[in-house]
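# Observations on chain architecture
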Amino acid sequence: MRFFKQFIIVISITLFFALNAKAEKECFEKLSRSIFKFNNELDRLVIGPIARGYNKLPTPIKSGAGNFSSNIATLLSIPNKLIQKDLSGAADSLGSFMINSTVGVLGLADVASSYGIKDTKEDLSQTLGVYGVKNGCYYILPVLGPTTLRDTVAMVGDTYLDPFATMTWRQKEVLSEKGKKREYIAVKGTAAIDFRGDNEKNIQSLKKNSIDLYAATKSLYLQNKDSKIKNISGTTDDNWKDLD
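In this text the structure is predicted, and so the values were computed from the model without any measurement.

## What about the state of the cysteines?
Under the counting rule described, the total for this entry stands at one disulfide. The disulfide partner of Cys27 is Cys137, and the S-S distance across this bridge is 1.4 Å. In this structure, the disulfide formed by Cys27 and Cys137 twists by about -75° around the S-S bond and is classed as left-handed. In this pair, Cys27 sits in the loop between strand 1 (25–26) and helix 2 (29–55) while Cys137 sits in strand 2 (residues 137–141), placing the two residues 110 residues apart along the sequence.

## Things to note about the nonpolar core
With eight residues, the main nonpolar core is built from Ile35, Phe36, Tyr138, Ile140, Leu213, Tyr214, Tyr221 and Leu222. Mapped by element, the contributors of at least two residues to this core are helix 2, strand 2 and helix 11 (213–229). Element by element, the count of residues in this core is highest for helix 11, at four residues. Apart from the residues lying within four places of it in its own chain, the contact partners of Leu213 are Phe36, Asn40, Leu206 and Lys207. Judged by nonpolar contacts, the second largest core, of seven residues, contains Leu75, Phe97, Phe164 and Tyr184.

## Thoughts on unusual backbone geometry
Phi at Lys85 is positive, roughly 65°, even though this residue is not glycine. Within the secondary structure, Lys85 sits in the loop between helix 3 (59–83) and helix 4 (87–102). Of the residues examined, Lys85 reaches a relative accessible area of 68% and is grouped as exposed. Not every positive phi belongs to a glycine, and Val105 is a case in point at roughly 55°.

## A word on the packing of aromatic side chains
Using the criterion set out here, one finds five aromatic pairs in the structure. Put simply, the rings of Phe36, Tyr138, Tyr214 and Tyr221 pair up and form one aromatic cluster.

## Describing a nonpolar patch on the surface
Taken together, the side chains of Phe38, Val143, Leu144 and Met155 make up a nonpolar region of the molecular surface, amounting to roughly 400 Å² of accessible area. For Phe38, the location among the structural elements is in helix 2.

## Section: the confidence of the model for the chain
Residues with a pLDDT of 70 or more make up 82% of the chain, whose mean pLDDT is 85. Mean pLDDT values over the elements of the chain span from 55, in helix 1 (residues 2–20), up to 95, in helix 2. Note on residues 234–238: pLDDT under 50 across the span, and three contacts to partners over four residues away in sequence or across chains.

## Some thoughts on helix 6 (residues 149–161)
In a regular helix each residue adds 1.5 Å, so 13 residues correspond to 18 Å; helix 6 covers 18 Å between its end C-alpha atoms and thus fits that length. At Met155, helix 6 shows its maximal bend, which comes to roughly 25°. When you tally the buried positions in helix 6, you get 10 out of 13 residues, the bulk of the element. Taken together, the buried positions of helix 6 are occupied by Arg150, Asp151, Thr152, Val153, Ala154, Gly157, Asp158, Thr159, Tyr160 and Leu161.

## Side note on the sheet that holds strand 3 (residues 145–148)
Spatial ordering of the open sheet is given by 1-2-3, a layout of three strands whose pairing is mixed. The sheet is open, and its two edges are formed by strand 1 and strand 3, each paired on a single side. Here strand 1 runs beside strand 2; their pairing, made up of two bridges, is parallel. Considered in strand 2, the bridge of Glu26 is made with Tyr138. Against the sheet, helix 2 makes contact with strand 1, strand 2 and strand 3, and its axis sits at roughly 35° relative to strand 2, the strand it touches most. Its contacts with the sheet put helix 6 on strand 2 and strand 3, and the angle it makes with strand 3 is roughly 95°.

How each quantity is defined
- Counting of residues starts from 1 at the beginning of each chain's written sequence and follows it residue by residue.
- The predicted origin of the model limits local features to residues at a pLDDT of at least 70 and limits the giving and counting of side-chain atom pairs to 80 or more, whereas totals for whole chains, interfaces and linings rest on all residues.
- As a rule here, side-chain values cover all heavy atoms of the structure and leave hydrogens and water aside.
- For this text, the term disulfide refers to a pair of cysteine sulfurs within 2.5 Å.
- Numbering of helices and strands runs from the N terminus, with a helix taken as a DSSP run of H or I at least four residues long and a strand as a DSSP run of E at least two residues long.
- In these notes, a set of buried Ala, Val, Leu, Ile, Met, Phe, Trp, Tyr and Cys residues joined through side-chain atoms within 4.5 Å is what counts as a nonpolar core.
- Accessible area is worked out with a 1.4 Å probe on protein chains only. A residue is then buried under 20% of its type maximum, exposed over 50%, and partly exposed in between.
- We call two residues in contact when some of their heavy atoms are within 4.5 Å.
- Any two rings among Phe, Tyr and Trp, with Trp reduced to its six-membered ring, count as a pair given centres within 6.5 Å; such a pair is stacked if its planes are under 30 degrees apart, edge-to-face if over 60, and tilted if neither.
- Here a patch means residues that are over 30% exposed by relative accessible area and free of salt bridges, tied together within 9 Å if like-charged and within 5 Å if nonpolar (Val, Leu, Ile, Met, Phe, Trp, Tyr).
- Here the accessible surface of atoms and residues is derived via Shrake-Rupley with a 1.4 Å probe, and residues count as covered only by protein chains that are part of the display.
- Any carboxyl oxygen of Asp or Glu within 4 Å of a side-chain nitrogen of Lys or Arg constitutes a salt bridge here.
- pLDDT gives the predictor's per-residue confidence on a scale running from 0 to 100.
- How far a helix is expected to stretch is found by multiplying one less than its residue total by 1.5 Å.
- To get the bend at a given residue, fit one axis to the seven residues ending there, fit another to the seven starting there, and take the angle between those axes.
- Two strands are said to pair when DSSP picks up at least two bridges between them.
- Between N-to-C directions, angles span 0 to 180 degrees; the directions come from axes that are lines fitted to C-alpha atoms, helices contributing only their stretch in contact.

Below is the structure:
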């Protein structure tokens, strides 16, 4: 019962911001730039080295870890595609998850793609965008990086829509059993390191060629989010790997 009460509260908050969010504008820029510097130092000292070490793993291990976290992320796409009334997309996501979880050995191999089943990842932020909700305030979060008001609210909402989050992060609320938050954090952490490793060259190029790295990152983030909402492929940022 507690879970459903919290779910209703989150939905109410989401609808409130959906009705009040406007086009993105800079909020707390001075603070955001300070947090951005902190995140860059964290990346230089901790996350970057871990990602470069991750890239040196044998290809089967690296691709297996990436495929596994990507397969888990497919679960979030299913309810979001249903909310977007994309029934065929939801079927593709479900089929992709089932095939990769069985034939692909728990998602370690992406077998579904070889069958022509393409799974595009969807989250609540994209779903809200599809229904016309604007980004709202743009700012930087410690460790998590760039976001907007819509994306922050959606990030919380996703933990209620995501079956994997329900069975790990919110297991105690739903099933009255001890939660397995470490499993949720481990999978999301692996996805983040996989993303960082895949984009090592892109990130270094962005840092090297940007006059204002903060502004360049903001532009890239907002363009990427807009492309995902519109399901646009073949953009100038197509060489960037996605974070599942």
